[in-house]
There are 2 protein chains.
Amino acid sequence: MSARIRIAVDAMSGDLGPRVAISAAQIFVGRYPDVDLLLVGDESKLLPLLLKDNFRHTRVSVHHAADVIAMGDDPLLAMRHKKNSSMWVALDQLRSGAVDACVSAGNTGALLAIARFLVKTFPGVDRPAICKSMPVDVGFTYMLDLGANINCTAEQLYQFAKMGNVLAKSTGLLSPRVALLNIGAEEQKGTEVLQVARQFIAEDSGINCTGFVEANAIFSGAADVIVCDGFHGNIALKASEGVARFIQKKIIKTARKNTLNKILSVLAYPLLRQLRQELDPSSYNGASLLGLQKTVIKSHGNANVNAFLHALIVAREQVVQKVPALIQKEFQSY
Amino acid sequence: MSARIRIAVDAMSGDLGPRVAISAAQIFVGRYPDVDLLLVGDESKLLPLLLKDNFRHTRVSVHHAADVIAMGDDPLLAMRHKKNSSMWVALDQLRSGAVDACVSAGNTGALLAIARFLVKTFPGVDRPAICKSMPVDVGFTYMLDLGANINCTAEQLYQFAKMGNVLAKSTGLLSPRVALLNIGAEEQKGTEVLQVARQFIAEDSGINCTGFVEANAIFSGAADVIVCDGFHGNIALKASEGVARFIQKKIIKTARKNTLNKILSVLAYPLLRQLRQELDPSSYNGASLLGLQKTVIKSHGNANVNAFLHALIVAREQVVQKVPALIQKEFQSY
């Protein structure tokens, strides 16, 4: 890694197209002078957008890639046939060492498949896990896997625990409390896979295993790292997003309910605005594909500029903290 | 069923003891003149509480049961050894036909086991499913199973779909949209069990099958009935509760953040109070154990008076709508 941090941005993928990536890039390089950005995608689309914005920056360059992987593309077919896609080319820049990290808002399955193929996992890591920090009262809970692996063995869950532990420690946390997601906190609860995984984690002297937690613990701060298979993680994550959106709507609706509420909400406007900002899911965008030999960050498919910006910030942090090297070290010692 | 509705209340179970059940009963009989309540539990504890409240009501009687099943008791041991418990006696009153429904805030596993033993499921129903209505912008989404069955076959998921469909229809909904919980809406997503279950449901001409939904659909109103196994349902439910609590705290915290916010929140107090009321999870308390031959409602273990009251209301509604008979009819026709 050079002294400067270089991040490749898959500028074409995602639901909202290159506009979001470019606007986020613009804010990002303004805020972090130690970063160079490589916008990967169709020059004939990116350059006019950059010109239109009058966005010329010595630390931002465009790397041409003619093709795009669509959100609905079959991941394996995309991997086989779309080697000129922005996602593939961005990850190939990461593989070659031209950049230190890659950020994409594209097709999750394709990103995982191509990243595994080009960037590879560390020896000892079966498969990468998607890890995200969820907000709690004070700080964050790191949760993985959030959808990369539908069925996991106990050994794989144990690997996730090790990686989550490393990530939480990299943020300065001492002895992170690592727990397994289950449908009850009692020892006898859950499936056999969970029982065995718990044993593996508890026997690892490097991990502060706190046993099982229920899904409400994700937001209570009862654990610093919550480990689960990708099916369960996806359900917990999507349910949470659904509730947050439901409540945001409720706030707006309540504020408009009747004349009194309308007057009150005008008076309390700064309060309600602040509340909605703090509840904005986009502030927590940017999931890590842990276990890969280099930093790959997945942004939400319909991320807005703020959300994409946050994914870029997460990428930079993990390069600075050398998270991949820390994970490699963790798996070497076994 | 007599013209009057008779409900047995397991008055001793739950985290908060008989006080909550008694207070809820008091409000409930005041509101619904067509209901008689049977409070089941230790007379030496219930009677003094009733006297203290000066609560004498011709439509409320006490039925003695000396024992209590604790929240932490092993369900099967409780079933074997606690035949004098308030839960067992209340369910036995239901079995004998002395009452039309039973409400308990006790140990979920024990309630399921004893209810299956005493009240029985209808022929064609393998196991009861826990079903709850989740609030959406307009109306509700019925979700099942929420924790009774950790591993489900495709056939069982199909049974849940039929029961959820009947329950949603009983509330007046025309052609409820029935969906399966998955980690993506695309047809090829998820496990084989889910694939087969989807086929079963889609082939049933009595069900309006809308395919797979992700967990955010629980609160978006994209489906009227969401079917899942108990593990996934529990995770979705608990994650949702966790987010709701997190956001409630956030509202309070934001309102107290600084002097300006404090002044604004005093001004907007009625608005914030209304918002917190509308977000109060206790308004949605009361889960049905569908598939049993009679109405059994599970209240949340730490339900407060309002929440317990809502569970009683749910029980009454299902008796009025004759939900068990409708489910029996559904399974007879196959």
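Residues numbered from 1 in each chain as written. Chains lettered and ligands numbered in written order. Predicted model: local features only at pLDDT ≥ 70, side-chain atom pairs only at ≥ 80, totals over all residues. Heavy atoms only, no water.

Chain A has the name Phosphate acyltransferase in an unreviewed UniProt entry, where Cellvibrio mixtus is given as its organism. UniProt, in the comment section headed Sequence similarities (unreviewed entry), describes chain A in these words: "Belongs to the PlsX family." Taken from UniProt, the Function (unreviewed entry) comment for chain A reads in full: "Catalyzes the reversible formation of acyl-phosphate (acyl-PO(4)) from acyl-[acyl-carrier-protein] (acyl-ACP). This enzyme utilizes acyl-ACP as fatty acyl donor, but not acyl-CoA." (UniProt positions renumbered as here; feature names shortened; annotations may be inferred.)

Before going further, it helps to examine the domain arrangement of chain A. Residues and elements named next belong to chain A. Parsing chain A into structural domains produces domain 1 (1-125 + 291-324 + 330-334) and domain 2 (126-288). Here domain 1 and domain 2 have C-alpha centroids that lie 24 Å from each other. Both sides of the domain 1 and domain 2 interface together cover about 2,000 Å² of buried area, and 57% of this is carbon and sulfur. Inspection of the region where domain 1 meets domain 2 yields zero salt bridges. For the pair domain 1 and domain 2, the interface holds seven residue pairs in polar contact (both at pLDDT 80 or more). (Domains from an automatic or database assignment. Buried area = accessible area lost by both parts, 1.4 Å probe. Salt bridge = Lys/Arg side-chain N within 4 Å of Asp/Glu carboxyl O. Polar contact = N/O pair within 3.5 Å; in protein donor to acceptor, adjacent residues only side chain to side chain.)

Each copy of the sequence occupies a distinct position, and chain B is placed on chain A by a rotation of 180 degrees and an axial shift of 0.0 Å, giving an RMSD of 0.0 Å. Read as a symmetry element, the transformation amounts to a two-fold axis. In this assembly the copies share their binding face: 98% of the residues contributing to the interface of chain B also contribute to that of chain A. (Least-squares fit on C-alpha atoms with pLDDT ≥ 70 in both. Contact = heavy atoms within 4.5 Å.)

This part is about the sheet that holds strand S1 (residues 5-10) of chain A. Residue and element names in this part refer to chain A. With respect to topology, eleven strands assemble into an open sheet ordered S3-S2-S1-S4-S11-S10-S5-S6-S9-S7-S8, the strand pairing being mixed. Two strands bound the open sheet, and with one partner strand each, they are strand S3 (60-64) and strand S8 (208-213). Each neighbouring strand pair of the sheet contributes to a mean axis angle of 25 degrees, computed without reference to strand direction. As paired elements, S1 and strand S2 (residues 35-41) share six bridges and run parallel to each other. Residue pairing across strands places Val9 opposite Leu39, the latter belonging to S2. The strands touched by helix H6 (residues 154-170) are strand S5 (129-135), strand S6 (140-144), strand S7 (177-181), strand S9 (225-227) and strand S10 (287-290); relative to S9, the strand with the most contacts, the crossing angle is about 165 degrees. Relative to the sheet, helix H8 (residues 230-255) contacts S5, S6 and S7, its axis offset from that of S5 by approximately 35 degrees. (Pairing = 2+ DSSP bridges. Helix = DSSP H or I, 4+ residues; strand = E, 2+ residues; numbered from the N terminus. Axes fitted to C-alpha atoms, helices over the stretch in contact; angles between N-to-C directions.)

This next bit is on the state of the cysteines. Residue and element names in this part refer to chain A. Applying the stated criterion across every chain, the model contains zero disulfides over all chains. Not part of a disulfide, Cys131 finds its nearest cysteine sulfur in Cys228, a span of 9.6 Å. What makes Cys131 buried here is its relative accessible area of 1%. Cys228 takes part in no disulfide bond, and the closest cysteine sulfur to it belongs to Cys152, at a distance of 8.3 Å. By relative accessible area, Cys228 is classed as buried at 1%. (Disulfide = S-S within 2.5 Å. Buried < 20%, exposed > 50% of the residue type's maximum accessible area, 1.4 Å probe, protein only.)

Residue and element names in this part refer to chain B. Mapped onto the secondary structure, Glu155 falls in helix H6 (residues 154-170). Glu155 sits in the partly exposed class, given a relative accessible area of 37%. When the C-alpha atoms of Glu155 and Val196 are compared, they prove to be 8.4 Å apart, with 41 residues separating the residues in sequence.

Right, let's get into the pairing of strand S6 (residues 140-144) of chain B. All names here are of chain B. Along S6, four of the five residues are buried, which leaves the element largely enclosed by surrounding structure. Here strand S5 (residues 129-135) runs beside S6; their pairing, made up of five bridges, is antiparallel. The residue of S6 that forms the bridge with Pro135 is Phe140. What sits between the antiparallel neighbours S5 and S6 is a turn of four residues, in which Gly139 has the positive phi angle 85 degrees. Relative to strand S9 (residues 225-227), S6 is paired through three bridges, and the arrangement is parallel. When the bridges of S9 are listed, Leu144 appears paired with Val227.

So, on to the environment of Gly147(A). Residues and elements named next belong to chain A. Looking at where Gly147 falls in the secondary structure, it is placed in the loop between S6 and H6. The class for Gly147 is partly exposed, based on a relative accessible area of 27%. Sequence separation between Gly147 and Leu180 is 33 residues; the distance between their C-alpha atoms is 16 Å. Discounting chain neighbours no more than four positions away, the residues touching Gly147 are Ile130, Gly230 and Asn234.

Residues and elements named next belong to chain B. Their axes nearest at 11 Å, the elements helix H1 (residues 18-31) and helix H2 (residues 43-52) cross at an angle of 50 degrees. Relative to H2, H1 is oriented oblique. The two elements H1 and H2 cross, and the hand of that crossing is right-handed. Between H1 and H2, the contacting residues are Pro18, Arg19 and Ile22 on the first element and Leu46, Leu49, Leu50 and Lys52 on the second. Residue composition of the contact of H1 with H2, grouped by class: five nonpolar, no polar and two charged. (Parallel < 35°, antiparallel > 145°, perpendicular 65-115°, else oblique. Left-handed = near helix turned anticlockwise from the far one by under 90°. Nonpolar A, V, L, I, M, F, W, Y, C, P; charged D, E, K, R; others polar.)

In this complex, chain B contributes 48 residues to the contact, which on the side of chain A involves 47 residues. For the pair chain B and chain A, the two sides together bury roughly 4,700 Å², of which 71% comes from carbon and sulfur. In this assembly, chain B and chain A are joined by two salt bridges. One salt bridge in this structure joins Lys238(A) and Glu214(B), with 2.4 Å as the shortest N-O distance. Elements that contribute at least two residues to the side of chain B that touches chain A include exactly helix H8 (230-255), helix H9 (259-267) and helix H10 (269-278) of chain B. In terms of residue count, the dominant contributor to the side of chain B that touches chain A is H8(B) (20 residues). Here the residues of the side of chain B that touches chain A are counted per class, giving 27 nonpolar, twelve polar and nine charged.

This part is about the nonpolar core. In this structure, Leu91(A) and Leu91(B) are the most contacted members of the largest nonpolar core, which totals 166 residues. Residues within four places of Leu91(A) in sequence aside, it is in contact with Cys102(A), Leu111(A), Ile114(A), Ala115(A), Leu118(A), Val119(A) and Val296(A). (Core = buried A, V, L, I, M, F, W, Y, C linked by side-chain atoms within 4.5 Å.)

Attention now goes to unusual backbone geometry. Residues and elements named next belong to chain A. With an omega of 0 degrees, the peptide bond between Leu144 and Asp145 qualifies as cis. Looking at where Asp145 falls in the secondary structure, it is placed in the loop between S6 and H6. Its identity as a non-glycine residue notwithstanding, Lys120 has a phi of 65 degrees, on the positive side. Among the secondary structure elements, Lys120 is positioned in the loop between helix H5 (108-118) and S5. Given a relative accessible area of 44%, Lys120 falls into the partly exposed group.

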